[in-house]
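Observations on the three-dimensional arrangement
Spelled out, the chains give:
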Amino acid sequence: MKILVPVKRVIDYNVKPRVKADGSGVDLANVKMSMNPFDEIAVEEAIRIKEAGKAEEIVAVSIGPAKAQETLRTALAMGADRAILVETDDEVEPLAVAKILKAIAEEENPGIVMLGKQAIDDDSNQTGQMLAALMGRPQGTFANTVEVDGDHVTVKREVDGGLETVKLSLPAIVTTDLRLNEPRYASLPNIMKAKKKPLDTKSPSDYGVDTTPRLKTTNVSEPPVRQAGEKVEDVDALVAKIKALGIA
Amino acid sequence: MKTLVWVEHDNAEMKDATLAAVTAAGKLGEVHLIVAGSGCRAVAEQAAKVAGVGKVHLADNAAYEHALAENVAPLIADQMGHHDAFVAPATTTGKNIAPRVAALLDVMQVSDILSVEGDKTFTRPIYAGNAIATVESSDEKLVITVRGTAFDKAATEGGSGTIEEISGPADAGLSSFVSAEIAESDRPELTSAKVIVSGGRALKDAETFEQVITPLADKLGAGIGASRAAVDAGYVPNDYQVGQTGKIVAPEVYIAIGISGAIQHLAGMKDSKTIIAINKDEDAPIFQVADIGLVADLFKAVPELTEKL
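Residues numbered from 1 in each chain as written. Chains lettered and ligands numbered in written order. Predicted model: local features only at pLDDT ≥ 70, side-chain atom pairs only at ≥ 80, totals over all residues. Heavy atoms only, no water.

**Brief notes about the packing of aromatic side chains**
Spelled out, the test is: Two rings from Phe, Tyr or Trp (for Trp, the six-membered ring) form a pair when their centres sit within 6.5 Å of each other. Planes less than 30 degrees apart are called stacked, planes more than 60 degrees apart edge-to-face, and all others tilted. Helix and strand assignments follow DSSP, with helices taken as H or I runs no shorter than four residues and strands as E runs no shorter than two, numbered in order from the N terminus. For every residue, the accessible area obtained with a 1.4 Å probe (protein chains only) is divided by the maximum for its type, and the residue is called buried under 20%, exposed over 50%, and partly exposed between those limits. Sitting over a ring, as applied to charges here, requires NZ of Lys or CZ of Arg to be within 6 Å of the ring centre and within 35 degrees of the ring normal.
On inspection of all chains with the given rule, the structure shows 1 aromatic pair over all chains. Ring centres 6.5 Å apart and planes at 55° place the aromatic pair F209(B) and Y235(B) in the tilted group. Taken together, the residues F209(B) in helix α5 (residues 206-220) and Y235(B) in the loop between α6 (228-232) and β14 (253-257) connect sequence positions 26 residues apart. F209(B) gets classed as buried once you look at its relative accessible area, which sits at 3%. Of note, K117(A) hangs over the ring of F142(A), and the distance from its end group to the ring centre comes to 5.6 Å. A cation sits over an aromatic face here: K231(A) above F287(B), 4.7 Å from the ring centre.

Written as structure tokens, this is what we have:
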């Protein structure tokens, strides 16, 4: 079985995003960029499935600018076998990403497409579900545990009330939640080796996908700022404040 | 515009999350509902009473019992032939189903809206709520998920919707429900609690978390939340997590105990009316958003607070 793992290059999760003064977006110039944390979890899970002898090959895919190569090299250094960069400088929405991934999946025939549940830049949480719809395949979203067993995969999902387990027939789409695993760090020798692993570069038009956005962002603004309040001296002062709020 | 709102339920009762979605849909036009499940007529009857509701489409079929996206998305997509917008609460169920519907309709979904600015214009949070984007859809149909804390809840009485039975595609045969581990609790649900007591990594372990946080929450009749660090460390289950990727809450009072205030956590609670923070590190970022702060050792301060309240 082959596993396809899409990865996105996003602002590093430790960086506080700054909104541009002209309202056109978030300033990404000279900002540290990294692999979307949920995608790292997806890469790790794919590697673990391969290490357990249940997959033979892991193909990482990224849709984005030339610099997304770095993100793919990170995936390769972690343990993916080869990579495909679908290069574009345009912003590509989840629907178009899903269409490109569908075209790639038709060429690669993966048993599982493992994606992060959401990207921490646009916070859409759509791509995996959309890909599953377009391919007519089942989806195990927000995965907490993934168990591949023959022609099925069992996914324990993080849901609002707790956990839910579903059984999906393969091929299937799985999206990862935070507690699925803890991604490994790439070792230096593996980082060196990753430089020699194959990386193909394509364009959205190679897959016949129109990436024209359907949503037009007309403005990006700062959220209302919360002012720091006051610090109280001791528990008694806090008790008085809480009583004044009328909740005790 | 005719909207179709996803009714969140457990086949017996409608869930509160539906009500904010109804309010958001009401800003777009006529509000129709869809109740998909198994043996769920009682839910449709409750839903029909929600203020402002027109038709309630009831799809009662064993294939829809667990709201598997593979089965309900085609059902909804069928209904979108005579509706203009599909509106779902941004719960884990809504987030699972709506994008599948959107892709079937070749529509780009607008996720987690905060406001309705026009027929096809919405605001939504991006970058963990560190920026608010105004977006305008160019698609003919709309697919939207709604942030529950951003809209008032529609009244559960006063409506006189009519129930209409519908049928849709049978079980797609792609997926099956195996089991659920849903915590039974008398505590208010996080997303509708008036008061939330939330604990962080500083609570040390599951037992200490329980000993320190629970008595205070009991005293205040509060829901219990946690930071990602506390959930990852196994102090509490995943459904306690408040934050960018956990639950988004906006109670009257949010009490953060031993939570430093990472941006991912703030994203989930900064719309709370009053934020109280107890932390021993006076430079913790949580104090930058807290209305009332107490710099103290939580292991001393919280039991004392619980006792004195």
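**Some thoughts on the pairing of strand β9 (residues 162-169) of chain A**
Across a regular strand the side chains alternate sides, sitting on one face of the sheet and then on the other. All names here are of chain A. Formally: In this analysis, strands are considered paired if DSSP registers two or more bridges between them.
With 7 of 8 residues buried, β9 is to be regarded as a mostly interior element. Strand direction decides the pairing type here: strand β8 (residues 152-159) and β9, joined by 8 bridges, are antiparallel. Among the inter-strand pairings, V153 is bridged to a residue of β9, identified as L168. Between β8 and the antiparallel strand that follows it, β9, lie 2 residues.

**Looking at the sheet that holds strand β5 (residues 110-113) of chain B**
Residue and element names in this part refer to chain B. For the record, the criterion: Every axis corresponds to a line fitted to the C-alpha atoms, with the helix fit spanning only the stretch in contact, and the corresponding angles, defined between N-to-C directions, vary from 0 to 180 degrees. Only heavy atoms matter for contacts: two residues are in contact if any of them lie within 4.5 Å across the pair.
On the basis of which strands lie adjacent, the open sheet formed by 7 strands has the order β5-β9-β4-β1-β2-β3-β10 and parallel pairing. Two strands close off the open sheet at either side, each with one partner strand: β5 and β10 (162-165). Averaged over neighbouring strand pairs, the angle between their axes works out to 25° when direction is ignored. Pairing between strand β4 (residues 85-89) and strand β9 (residues 142-146): 5 bridges, direction parallel. Across the sheet, the residue bridging to A85 is L142, located in β9. Of the strands in this sheet, β1 (2-6), β2 (30-37), β3 (53-60) and β4 are in contact with helix α3 (residues 69-79), which crosses β2 at around 150°.

**Thoughts on the interface of chain A and chain B**
Interfaces are often described in size by the accessible area the parts lose on coming together. Put simply, the rule is: Summed over both partners, buried area is the accessible surface (1.4 Å probe) that two parts give up on being assembled. Criterion for a salt bridge: a side-chain nitrogen of Lys or Arg within 4 Å of a carboxyl oxygen of Asp or Glu. As used in this structure description, the phrase polar contact means that two N or O atoms lie within 3.5 Å; if the pair is within protein, one of them must be able to donate a hydrogen and the other to accept it, and residues adjacent in sequence are counted only when both atoms belong to side chains.
Taken residue by residue, the interface counts 79 residues in chain A and 83 residues in chain B. Buried area between chain A and chain B, both sides added, is near 6800 Å², and the carbon and sulfur share of it is 55%. Contact with chain B buries area across many residues of chain A, yet D160(A), R214(A) and R226(A) alone supply 11% of it, more than any other trio. As a salt-bridge pair, E181(B) and K156(A) come within 3.3 Å of each other at their nearest N and O atoms. The interface formed by chain A and chain B includes 48 residue pairs in polar contact (both at pLDDT 80 or more).

**Re empty space enclosed by the protein**
The line we're drawing: For each structure, a 1 Å grid was placed over the protein atoms alone; sets of points admitting a 1.4 Å probe that cannot get out are labelled cavities, open sets with protein on both sides within 12 Å along at least five of seven lines are labelled pockets, and lining residues have an atom within 4 Å of a point. Grid points are joined across faces, edges and corners, and a volume is the space filled by probe spheres set on the points. Throughout this entry, Asp, Glu, Lys and Arg are counted as charged residues, while Ala, Val, Leu, Ile, Met, Phe, Trp, Tyr, Cys and Pro are counted as nonpolar. The remaining residues, Gly among them, count as polar.
For the structure on display, the rule yields 1 cavity of 30 Å³ or more. Taken as a whole, the largest cavity encloses approximately 70 Å³ of empty space. Lining the largest cavity, in full, are I11(A), D12(A), Y13(A), V15(A), P17(A), I120(A), Y127(B), A128(B), N130(B), Q244(B), I263(B) and Q264(B). The residue inventory of the lining of the largest cavity, partitioned by class, reads 8 nonpolar, 3 polar and 1 charged.

**Some thoughts on the pairing of strand β10 (residues 172-176) of chain A**
Residue and element names in this part refer to chain A. Of all 5 residues in β10, 5 are buried, a share of seventy percent or more. Neither face of β10 is exposed, since A172, V174 and T176 on one face and I173 and T175 on the opposite face are all buried. Pairing between strand β6 (residues 112-116) and β10: 5 bridges, direction parallel. Opposite M114, over in β10, you have V174 as the bridge partner. Of the pairings in the sheet, the one linking strand β7 (residues 139-149) to β10 comprises 3 bridges and is parallel in character. What sits directly across from Q139, in β10, is I173.

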